[in-house]
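Listed below are the residues making up each chain.
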Amino acid sequence: MSKIKKLSRKHLYRITAGVAIINVLIWSVVCFVEIYKNRVMPGTTFTGIAIGGKTVAEATSLIISKQSSLLNQPIKVSADQITTETTATKLGASIDQTQLKNELTERTKPRYLLDRLTAKATGDQTLIQFTPESLDAFIASFKQQVDRESKDKTLT
């Protein structure tokens, strides 16, 4: 006859508590994934605007509504002792809405849980487009201010 060791109540409570904790963790992960399905990852910002947890449509409209204040912030350009100030709007800047929606949609795709919990994603580098004509005109104007005749025309 084999002897079957009976588990004490203390061991049964520990096993039950362990199973309950694992169950809570699994359901927490499932709930997190379900809550953020089709939503931008938590912690995501775009030029300082927190858009984490919003749908793509909500995030896009929030960014577009703040576009003028974002693009009208002053930009200082300096060379030698000459400094000029302009804004991104004067340089022909605008937010590419198609690229913005694509980027935000990419931020909603399922990833590893740890990445979704800890990522601080930003997406403002490629989404602001400049018209070449406005940018070239600014550069030409600034170049004229910086270019000066030489003081000493002799070469030793």
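Keep in mind it's a predicted model, so treat the numbers as computed, not measured.

### So, the overall build of the chain
- Along its length, the chain carries six helices and six strands.
- Overall, the chain shows an N-to-C arrangement of helices and strands of α-β-β-α-α-β-β-β-α-α-β-α.
- Out of the 156 residues in the chain, the part that is buried amounts to 24%.
- A sequence separation of at least 24 residues applies to 60% of the contacts in the chain between residues at least 6 apart.

### Some words on helix 2 (residues 56-65)
- Looking only at helix 2, the buried set comprises Val 56, Ala 59, Thr 60 and Ile 63. Buried positions in helix 2, seen along its axis, are confined to an arc of 100 degrees and lie on one side of it. Structural note: helix 2 exposes Ala 57 and Ser 65 on the side pointing more than 90 degrees away from its buried face.
- Taken together, the buried residues of helix 2 touch strand 1 (45-46), strand 2 (49-50), helix 3 (67-71), strand 5 (93-95) and helix 4 (97-106).

### Some thoughts on the confidence of the model for the chain
- Per-chain confidence: the chain averages 78 in pLDDT, with 79% of residues scoring 70 or above.
- Within the chain, the element-level pLDDT minimum falls on helix 5 (residues 113-118), averaging 55, and the maximum on helix 2, averaging 88.
- For residues 121-125, every residue scores under 50 in pLDDT, and the model assigns this stretch twelve contacts once sequence neighbours within four places are set aside.

### Side note on the packing of helix 2 against helix 4
- The N-to-C vectors of helix 2 and helix 4 enclose an angle of 140 degrees; their axes lie 10 Å apart at closest approach. Judged on the interaxial angle alone, helix 4 and helix 2 are oblique. For helix 2 against helix 4, the interelement crossing comes out right-handed. Across from Val 56, Ala 59, Thr 60, Ile 63 and Ile 64 in helix 2, the residues of helix 4 making contact are Gln 97, Leu 100, Lys 101, Leu 104 and Thr 105.

### Considering the nonpolar core
- Counting twelve residues, the largest nonpolar core is built from Val 40, Phe 46, Ile 49, Ile 51, Val 56, Ala 59, Ile 63, Leu 70, Ile 95, Leu 100, Leu 104 and Leu 127.
- Of the residues forming this core, the biggest block, three residues, is contributed by helix 2.
- Setting aside anything within four residues of it in sequence, one finds Val 40 in contact with Ile 51, Gly 52, Gly 53, Lys 54, Ala 59, Leu 104, Arg 107 and Thr 108.

### Points about the environment of Lys 54
- Structurally, the position occupied by Lys 54 is in the loop between strand 2 and helix 2.
- The class for Lys 54 is partly exposed, based on a relative accessible area of 28%.
- Measuring from C-alpha to C-alpha, the distance between Lys 54 and Val 40 comes to 5.6 Å, with 14 residues separating the pair along the chain.
- If near-sequence neighbours (up to four positions away) are discounted, Lys 54 is found in contact with Arg 39, Val 40, Ala 59 and Leu 62.

Conventions adopted
- Residues numbered from 1 in each chain as written.
- Predicted model: local features only at pLDDT ≥ 70, side-chain atom pairs only at ≥ 80, totals over all residues.
- Heavy atoms only, no water.
- Helix = DSSP H or I, 4+ residues; strand = E, 2+ residues; numbered from the N terminus.
- Buried < 20%, exposed > 50% of the residue type's maximum accessible area, 1.4 Å probe, protein only.
- Contact = heavy atoms within 4.5 Å.
- Arc of directions from axis to C-beta.
- pLDDT = per-residue confidence, 0-100.
- Axes fitted to C-alpha atoms, helices over the stretch in contact; angles between N-to-C directions.
- Parallel < 35°, antiparallel > 145°, perpendicular 65-115°, else oblique.
- Left-handed = near helix turned anticlockwise from the far one by under 90°.
- Core = buried A, V, L, I, M, F, W, Y, C linked by side-chain atoms within 4.5 Å.

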